[in-house]
Amino acid sequence: MSQQMKTTRPLAEQKRRPRSGWLAITGLLLLSVLPVIGGVLRLEEVGTEPADTVLSSVPIVAHIAAMTVYCVLGAFQFSPALRTRRGWHRIAGRVLIPAGFIGALSAAWLAIFFGGPTDELALAMVRLVFAGAMMVFLVRAVIAITRRDFAAHGAWMTRAYALALSGSTQALVLVLWTIPLGDVDVYGEAWFVAAGFVINSVVAELLIRRRRRRSGRRVRGVSGRGALVS
């Protein structure tokens, strides 16, 4: 009997071992490729501009660098195995939250002090709205973690990450439209950018609800086993 318990215990521990989440990480990293490549190309353009223009391009550099760190490092936070490692999760969070704030704040700055053509103002305002939303989500995430509300913290961070990762979704939606129907004007591009933000936000909400259902089932399962034991 004791030998059987010894052999079944490691199996039970293996079943409870958190998943690596490599599939989710790979998918998120692939979604980060387009914004990162676009950012690198934009940095090269900034480097070739005159000195007075480079100084005014500081928000652009800050946005690209911060969002690159946020998107790439944030992908690994979706690994259940890594989240169980308090050291990793805490250190990564201390990098991600400031990077997210810098990325969102610089995006808002670029939208507010918009100096482009007037027909691109709608696109700038769309980015301003969602940059503001991302900052609100990050503030709510910080408040939640100070209250030790880990579920709410994870939900708000997921919402913020979904907005940060919208660049690839926007490009995909635009390509799917332009291939069969042709190019769009600047106002149409603003709608597609907004659609990318909305699509990612909807996916984030579905993921959050799925987590809540799973945690609810685990709580019911634990309480049920406790009732049987007692």
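Residues numbered from 1 in each chain as written. Predicted model: local features only at pLDDT ≥ 70, side-chain atom pairs only at ≥ 80, totals over all residues. Heavy atoms only, no water.

Running from amino to carboxyl end, helix H4 (residues 58-75) crosses helix H8 (residues 150-164) at an angle of 125°, the nearest separation of the two axes being 10 Å. On the basis of the axis angle, H4 is oblique to H8. Between H4 and H8 the crossing geometry is left-handed. Contact with H4, carried on its side by Met 67, Tyr 70, Cys 71, Gly 74 and Ala 75, involves Met 157, Ala 160, Tyr 161 and Ala 164 of H8 and no other residues of that element. Per-class residue counts for the contact of H4 with H8 are eight nonpolar, one polar and no charged. (Axes fitted to C-alpha atoms, helices over the stretch in contact; angles between N-to-C directions. Helix = DSSP H or I, 4+ residues; strand = E, 2+ residues; numbered from the N terminus. Parallel < 35°, antiparallel > 145°, perpendicular 65-115°, else oblique. Left-handed = near helix turned anticlockwise from the far one by under 90°. Contact = heavy atoms within 4.5 Å. Nonpolar A, V, L, I, M, F, W, Y, C, P; charged D, E, K, R; others polar.)

Glancing now at the packing of helix H7 (residues 121-146) against H8. Where H7 contacts H8, the two axes come as close as 8 Å, and the packing angle between them is 160°. The angle between H7 and H8 places the two elements in the roughly antiparallel class. Between H7 and H8 lies a crossing of left-handed hand. Contact with H7, carried on its side by Phe 130, Ala 133, Met 134, Phe 137, Leu 138, Arg 140, Ala 141, Ala 144 and Ile 145, involves Phe 150, Ala 152, His 153, Trp 156, Met 157, Arg 159, Ala 160, Leu 163 and Ala 164 of H8 and no other residues of that element. Its residues assigned to classes, the contact of H7 with H8 comprises 15 nonpolar, one polar and two charged.

Phi is positive for Arg 148, which is not a glycine, with a value near 65°. The topology assignment puts Arg 148 in the loop between H7 and H8. What makes Arg 148 exposed here is its relative accessible area of 52%. (Buried < 20%, exposed > 50% of the residue type's maximum accessible area, 1.4 Å probe, protein only.)

Next up on the list: H4. With 18 residues, H4 should reach 26 Å at 1.5 Å per residue; the first-to-last C-alpha distance of 26 Å fits that figure. Of all the residues in H4, the buried ones are Pro 59, Ile 60, Ile 64, Ala 66, Met 67, Tyr 70, Cys 71, Leu 73, Gly 74 and Ala 75. (Expected span 1.5 Å × (residues − 1).)

Our focus in this paragraph is the nonpolar core. In this structure, Tyr 70, Met 134 and Tyr 161 are the most contacted members of the largest nonpolar core, which totals 34 residues. Elements with a contribution of two residues or more to this core: H4, helix H6 (86-112), H7, H8 and helix H10 (186-229). (Core = buried A, V, L, I, M, F, W, Y, C linked by side-chain atoms within 4.5 Å.)

Of all residues in the chain, 78% attain a pLDDT of 70 or more, and the chain-wide mean is 80. Taking the mean pLDDT of every element in the chain, the minimum, 47, falls on helix H1 (residues 2-16) and the maximum, 95, on H7. Considering only residues more than four positions removed or in separate chains, one finds that residues 4-15, a stretch of pLDDT under 50, has zero contacts. Contacts of residues 222-230 to residues separated by more than four positions or lying in other chains number zero contacts, the stretch itself having pLDDT below 50. (pLDDT = per-residue confidence, 0-100.)

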